[in-house]
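# Observations on chain architecture
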Amino acid sequence: MEKKFITDSGIEIRDLYKQPIANTENPGEWPFTRGVQSDMYRGRLWTMRQYAGFSTAEESNKRYKYLLANGTMGLSVAFDLPTQIGYDSDHAMAEGEVGKVGVAIDSLRDMEVLFDGIQLQDITTSMTINATASTLLSFYIALARKQGADIRKISGTIQNDILKEYAARGTYIYPPKPSMRIITDIFDYCGREVPKWNTISISGYHIREAGSTAVQEIAFTLSNAKAYAQAAIQKGMDINQFGQRLSFFFNAHNHFFEEIAKFRAARRMWAKIAKELGATNPKAMMLRFHTQTGGSTLQAQQAENNIVRVTLQALAAVMGGTQSLHTNGFDEALSLPTEAAARTALRTQQIIAYESGVIDTVDPMAGSYFVEELTNQIEEKAWEYIHRIDAMGGSVEAIEQGFMQREIAEASYRYQTQIESEEKVIVGVNKFTVNEEVKPPVFKVDDSIRISQMEKLKQLKSERNNEMVAKHLLAIEQAAKADTNLMPLLIDAVSDYTTLGEIADCLRGVFGEYRA
């Protein structure tokens, strides 16, 4: 029996070389299969970001300055777990987690230190934050004002994608409906006051990290995007306006051609979805996306092999037309990336950009029999998922019924059994192993970080106007109950050094907490 070759999504790879080439559109034209710009990287390279944040704001600030000095074009901030789920560093739930997977940010004072010596109007900043995105954005806007920046000119992105938290990641606080309300408050406020800010980065990355296939990654991401757009439209917002500030965040995994085809299919599908929702402005139908190489593909065994994996994944993202890219450090299966690993990851992007020649052609994969057909097949299978989700009532209902979670879990199980049976080879893990390995130096965050953060909080609360903080929290509570836009009140509150935990607790009192 002839062996079948399949992608990680289970799509059979067939001999297609006698098939006609269907794609005749031009780059920069609807439905944007070939890219959102007519000249792509000939006109402007993708933004090279390095996701970083650890320990205290002081330590992360040093890393940011190091990355900027080495050619990073934009910053990408990782926050620690307590910050992500609305606990100050002195909360009992924060013990053992302060500064571990990102930087601890309790107040505007921490944000001031995080960006000390960095003018916010001169850079773009991406912040991977969801449940507390409104508060972190408020810190950022308040700091920009303190620096004298015109907030209408600051640019960047907050992830702000709560639906994928329920489906795949788990750093949620409030139930889905009030969470969606906060997100549309952000859309509305930024549309009026911070027009260059990308108000959401609808994320397939964490869906893929949880074990989904490439098809599931774009299907579930686009379904979530559709839900956010519909919620904004129901609030009276114009998709031709807020649609221009939507961005997406995808994973780049190991199957080189499937990843390229995935990015192409996602662009084409979103263009169609946005048009169906009433968009007429081409910019509101463009799927612009950031890519991060696959964290779950990094292996602790023979860690140096991860440099090759990251290079292939980054190249797939570039060939697929990404607007922004983060490359993982080769040592991240062992620890936070060392400075040397972060530099190697950045150099990977720079070598692709300046030495490989792939940027010289607008869309190098256009017209490939295989890539064009694979793009079509991925789109077809992703539409099948989206139609099933629509039949359930949309993403919120599909998540509440556990549909996405079950599909991801089953795909993850299939993938793992393929590795364990050696049907899928992972070099250095289930094949080509070595008995003795030299482990690279690892970077660890000391537990004493929490003590220093607690001392800073104690000092902050002794110095600020606590009577004013109490007034701000009361105003936020009343606005949350009255369905008034929360953003202006949050910015006022954080400007007077109300803490992230105080704001989250206030909203917990109104909205409650979600239990899966």
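Everything below is about the structure shown above.
Thresholds applied
- Residues numbered from 1 in each chain as written.
- Predicted model: local features only at pLDDT ≥ 70, side-chain atom pairs only at ≥ 80, totals over all residues.
- Heavy atoms only, no water.
- Axes fitted to C-alpha atoms, helices over the stretch in contact; angles between N-to-C directions.
- Helix = DSSP H or I, 4+ residues; strand = E, 2+ residues; numbered from the N terminus.
- Parallel < 35°, antiparallel > 145°, perpendicular 65-115°, else oblique.
- Left-handed = near helix turned anticlockwise from the far one by under 90°.
- Contact = heavy atoms within 4.5 Å.
- Nonpolar A, V, L, I, M, F, W, Y, C, P; charged D, E, K, R; others polar.
- Salt bridge = Lys/Arg side-chain N within 4 Å of Asp/Glu carboxyl O.
- Buried < 20%, exposed > 50% of the residue type's maximum accessible area, 1.4 Å probe, protein only.
- Patch = residues over 30% accessible without salt bridge, like charges linked within 9 Å, V, L, I, M, F, W, Y side chains within 5 Å.
- Areas by Shrake-Rupley, 256 points an atom, 1.4 Å probe, with all protein chains shown as cover.

## Considerations on the packing of helix α11 (residues 305–319) against helix α12 (residues 339–355)
Between α11 and α12, whose axes approach to 10 Å, the crossing angle comes to 45°. Here α12 runs oblique to α11, going by the angle between their axes. When the axes of α11 and α12 are compared, the crossing they make is right-handed. Of α12, the residues touching α11 (which contributes I307, T311, A314, L315 and V318) are T344, T348 and I352. Considering only residue class, the contact of α11 with α12 consists of 5 nonpolar, 3 polar and no charged.

## Points about the pattern of salt bridges
This model, assessed by the stated rule, comprises 29 salt bridges. Of the charged contacts in the structure, one is a salt bridge between D188 and R192, with a shortest N-O distance of 3.2 Å. Of the two residues, D188 and R192 are both situated in helix α6 (residues 176–193); the distance of 4 residues between them amounts to about one turn of the helix. What makes D188 partly exposed here is its relative accessible area of 28%. On the basis of relative accessibility, which here comes to 41%, the residue R192 falls in the partly exposed class. The partner of D505 in a salt bridge is R508, with the nearest N and O atoms 2.8 Å apart. Placement of both D505 and R508 in helix α19 (residues 500–511) is noted, with a separation of 3 residues, approximately one turn of the helix.

## Some remarks on a nonpolar patch on the surface
A cluster of nonpolar side chains, namely V425, V427 and F432, defines an oily patch on the protein surface of about 260 Å² accessible area. With respect to the element layout, V425 can be found in the loop between α15 (403–420) and α16 (449–463). Looking at V425, the relative accessible area reads 41%, which means it is partly exposed.

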